[in-house]
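# Residue-level structure breakdown
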Amino acid sequence: MIDYSLYLVTDRHLSLGRDTVDIVQAAIRGGITCVQLREKHGSTRQFIEEARQVRNLLDCLASTIPLIINDRVDVALATGADGVHLGQRDMDIRDARRLAGSSLLIGISVESVDDAVRAEAEGADYVGVSPVFATPTKSDTAPPLGLAGIQAIRAAVSLPLVAIGGINADNAAAIIRAGADGVAVVSAIVSAACPAQAARTLKEQISSVKGGG
Ligand code: TZP
Ligand code: MG
């Protein structure tokens, strides 16, 4: 079973000049449980190269943390990733399944109860509920759903639910209490002075609600 508790989403432009693979390595030390590579600006070759480096890092560490690729089923398949994350305007889940069969986890971004119910019916493995709070990291988001949005989607689907958007150590516990299985963060880890410590602090907040550690 996948542990979605603390899900890192990368962004090289928010990493203060540091290498994405180094950030991922630090975040692993801090206790992340999933990593999604999200590269919106580089070439396909750069994306593949980065995915291979992270795959290699996870393999060297004998880590079971799933590697998830944003947007690109082809990049996920080519690099031995564990999953792909798709938005409402990316490839349809059913087309992604045609390409990937059961070899990839498929996560879907949802902005409403209706999106979540449809994603579940179409065979998603998890949903990313977006955005839970306002965030400067992504400009084309729907209005924030808030904790009430998490609760409504939690009541409507039984899929694992990962919240994203404006999440930090101050609000992570409340999101888990509202029914999310995990929190996904970009800037709270990749822009932190110490990504490992930032991940550790988030993990403590999540564990304070879920238990474990
Ligand atoms: N999808 C919905 S909001 C978002 C993404 C990728 C950005 C979240 O970034 P941050 O810095 O954790 O608010
Ligand atoms: Mg997308």
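Since the model is a prediction, treat every value here as computed from it, not as a measurement. (Residues numbered from 1 in each chain as written. Chains lettered and ligands numbered in written order. Predicted model: local features only at pLDDT ≥ 70, side-chain atom pairs only at ≥ 80, totals over all residues.)

### Regarding the site of ligand 1
To keep things clear, this is the line we draw: Contact assignment follows one rule, namely that a residue is near a molecule or strand if its backbone-placed C-beta atom lies within 6 Å of it. Residues are grouped as follows: nonpolar covers Ala, Val, Leu, Ile, Met, Phe, Trp, Tyr, Cys and Pro; charged covers Asp, Glu, Lys and Arg; every other residue, Gly included, is treated as polar.
Near ligand 1 lie 15 residues; those nearest to it are Thr135, Thr137, Gly165, Val186 and Ser187. Looking at the shell around ligand 1, its residues break down into 7 nonpolar, 7 polar and 1 charged.

### Considerations on the confidence of the model for the chain
Quick note on the threshold: pLDDT gives the predictor's per-residue confidence on a scale running from 0 to 100.
On average, residues of the chain score 97 in pLDDT, and 100% of them reach the 70 mark or higher. ipTM for the predicted complex: 0.99, alongside a pTM of 0.98.

### Examining the packing of helix 1 (residues 20–30) against helix 9 (residues 195–210)
Where we set the bar: Here the axes come from fitting lines to C-alpha atoms, over the contacting stretch only for helices, and the angles between their N-to-C directions go from 0 to 180 degrees. The secondary structure listing takes helices from DSSP runs of H or I that are at least 4 residues long and strands from runs of E that are at least 2 residues long, numbered from the N terminus. Helix crossings are classified by the rotation of the near helix relative to the far one: an anticlockwise turn of less than a right angle makes the crossing left-handed, while a clockwise turn makes it right-handed. Residue pairs are scored as contacts if the distance between their C-beta atoms, which are placed from the backbone, is within 7 Å.
Direction vectors running N to C along helix 1 and helix 9 enclose 35 degrees, while the axes themselves pass 7 Å from each other. Pair helix 1 / helix 9 crosses with right-handed handedness. Counting all contacts with helix 1, which are made through Ile23, Ala26, Ala27, Arg29 and Gly30, the residues of helix 9 involved are Pro195, Ala196, Gln197, Ala198, Ala199, Arg200 and Lys203.

### Focus on the UniProt feature "domain: Thiamine phosphate synthase/TenI" (unreviewed entry) in the chain
Here is the rule we go by: UniProt positions are given in the numbering used here, feature names are shortened, and annotations may be inferred rather than shown by experiment.
UniProt marks residues 6–189 with the feature "domain: Thiamine phosphate synthase/TenI" (unreviewed entry), using the numbering shown here. End C-alpha atoms of residues 6–189 are separated by 11 Å, and the span's content is 39% helix alongside 18% strand.

### Quick look at the sheet that holds strand 5 (residues 105–110)
Going by this rule: Each pair of strands is called paired provided DSSP finds at least two bridges between the two strands.
The 8 strands are arranged 1-2-3-4-5-6-7-8 in a closed barrel whose pairing can be described as parallel. Between one strand axis and the next, the sheet turns by 25 degrees as a mean value, whatever way the strands run. Looking at chain direction, strand 2 (residues 34–37) and strand 3 (residues 67–70) are connected through 3 bridges and run parallel. Of the residues in strand 3, the one forming a bridge with Val35 is Leu67.

### Brief notes about the pairing of strand 3
Selection criterion: Partly exposed residues are those whose C-beta has more than 12 but fewer than 20 other C-beta atoms within 10 Å; 20 or more makes a residue buried and 12 or fewer makes it exposed, with C-beta atoms placed from the backbone. When the strands point away from the viewer and the path from the first strand over the helix to the second turns clockwise, the crossover is right-handed.
A two-sided burial pattern is seen for strand 3, the buried positions comprising Leu67 and Ile69 on one face and Ile68 and Asn70 on the other. Where strand 3 and strand 4 (residues 83–86) come together, 3 bridges link them in parallel fashion. The residue of strand 4 that forms the bridge with Ile69 is Val84. After leaving strand 3, the chain enters helix 3 (residues 73–78) and then returns to the sheet as strand 4, a path that is right-handed.

### A short note on the pairing of strand 7 (residues 161–164)
Along strand 7, one buried face is formed by Leu161 and Ala163 and the opposite face, lined by Val162 and Ile164, is buried too. One ladder, built from 3 bridges, connects strand 6 (residues 126–129) with strand 7; its direction is parallel. Residue pairing for strand 7: Val127 is matched across the bridge by Leu161. One crossover worth recording links strand 6 to the parallel strand 7 by way of helix 6 (residues 146–156), and it is right-handed. Of the strand pairs in this sheet, strand 7 and strand 8 (residues 182–185) are connected by 3 bridges, and their pairing is parallel. When the bridges of strand 8 are listed, Ile164 appears paired with Ala184. A crossover links strand 7 with its parallel partner strand 8, the connecting element being helix 7 (residues 172–177), and its sense is right-handed.

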